[in-house]
Amino acid sequence: IHKEGTATLSGTSITIDLATGRSFEVDLQGASGNIATFNITGAFVAGTRCGDFLLNVTQGSTARNILWGSLTGVNPQWPGDGGSAGSGPTITTTNDKKDIFHFSTWNAGTTWYARIIGQNF
């Protein structure tokens with residue numbers, strides 16, 4: 001069971017506040033363009049290193065993408081990236097469809113690893 005936390009969408013930026021929960025929803029309807037900034041805040045207190053969260057992204061009526069690989073802020077590694085931040089998946093472009101992702105870290109948020117839970121729900 002994960003507490004739903006606060007995710008903020010502003011312009012082309014998403015901010016996830018891990019101090020508020022471990023599951024987040026973002027509706028790209030409110031985005032002014034493709035997502036270019038991805039921030040994760042409130043992640044760790046002294047002595048903790050590992051953490052994870054879920055992100056449920058809903059597409060808006062104007063299709064937006066998350067620019068994995070060139071994000072400002074946190075740029076997660078995806079399977080097959082070879083140890084560096086990579087391109088990541090293309091977000092489903094159909095209005096109101098959902099893509100769900102899992103993010104985890106083992107070094108207190110220095111590196112985030114991401115994987116697709118499912119897309120086009």
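These numbers were taken from a predicted model, which means no experiment stands behind them.

1. Some details on the overall build of the chain
Step number 1: The number of helices and strands found in the chain is 0 helices and 8 strands.
Step number 2: In the chain, the order of α-helices and β-strands from amino to carboxyl end is β-β-β-β-β-β-β-β.
Step number 3: Taking 2.2 N^0.38 as the reference for a compact globule, 121 residues should give roughly 14 Å; the C-alpha atoms of the chain span a radius of gyration of 14 Å, in line with that estimate.
Step number 4: Seen through its C-alpha atoms, the chain measures out along the principal axes to roughly 45 × 30 × 25 Å.
Step number 5: The burial tally for the chain puts 39% of its 121 residues in the buried class.
Step number 6: By element, 49% of the accessible surface of the chain is carried by carbon and sulfur atoms, the whole surface being about 6000 Å².

2. Digging into the sheet that holds strand β3 (residues 23-27)
Step number 1: Across the sheet, 4 strands lie side by side as β3-β5-β7-β8; this open sheet has mixed pairing. Among the strands making up the open sheet, the edge pair consists of β3 and β8 (113-118). Adjacent strand axes in the sheet meet at a mean angle of 25 degrees, parallel and antiparallel pairs treated alike.
Step number 2: Pairing between β3 and strand β5 (residues 51-58): 5 bridges, direction parallel. Within β5, the residue paired with E25 across the bridge is N56.

3. Description of the pairing of strand β7 (residues 98-105)
Step number 1: Burial analysis of β7 places 6 of its 8 residues in the buried class, the great majority of the element.
Step number 2: Inspection of the sheet shows β5 paired to β7 by 8 bridges, in the antiparallel sense. Following the sheet pairing, L54 is matched in β7 by H102.
Step number 3: In this sheet, β8 lies alongside β7 in antiparallel orientation, the contact comprising 5 bridges. In the sheet register, F101 faces β8, and the bridge partner there is I116.

4. A look at the sheet that holds strand β2 (residues 13-17)
Step number 1: With mixed pairing, the 4 strands of this open sheet are ordered in space as β1-β2-β4-β6. Both outer strands of the open sheet, β1 (6-10) and β6 (72-73), are each paired with one neighbouring strand and no more.
Step number 2: Pairing of β2 with strand β4 (residues 37-41) involves 5 bridges; the strand directions are parallel. Among the inter-strand pairings, D17 is bridged to a residue of β4, identified as T41.

5. Considering unusual backbone geometry
Step number 1: Even without glycine at this site, D96 takes up a positive phi of about 70 degrees.
Step number 2: Along the polypeptide, D96 turns up in the loop between β6 and β7.
Step number 3: Despite not being glycine, N120 shows a phi value in the positive range, around 65 degrees.

6. Here we look at the nonpolar core
The tendency in soluble globular proteins is for nonpolar side chains to be buried side by side.
Step number 1: I16, F38, I40, F53, L55, I66 and F103 are the most contacted members of the largest nonpolar core, which totals 23 residues.
Step number 2: Among the secondary structure elements, those contributing two or more residues to this core are β2, β3, β4, β5 and β7.
Step number 3: With 3 residues, the single largest contributor to this core is β5.
Step number 4: Contact partners of I40, with chain neighbours within four places excluded, come to I16, L18, F53, V74 and W112.

Rules used throughout
- Residues numbered from 1 in each chain as written.
- Predicted model: local features only at pLDDT ≥ 70, side-chain atom pairs only at ≥ 80, totals over all residues.
- Heavy atoms only, no water.
- Helix = DSSP H or I, 4+ residues; strand = E, 2+ residues; numbered from the N terminus.
- Rg over C-alpha atoms; globule rule 2.2 N^0.38 Å.
- Buried < 20%, exposed > 50% of the residue type's maximum accessible area, 1.4 Å probe, protein only.
- Areas by Shrake-Rupley, 256 points an atom, 1.4 Å probe, with all protein chains shown as cover.
- Pairing = 2+ DSSP bridges.
- Axes fitted to C-alpha atoms, helices over the stretch in contact; angles between N-to-C directions.
- Core = buried A, V, L, I, M, F, W, Y, C linked by side-chain atoms within 4.5 Å.
- Contact = heavy atoms within 4.5 Å.

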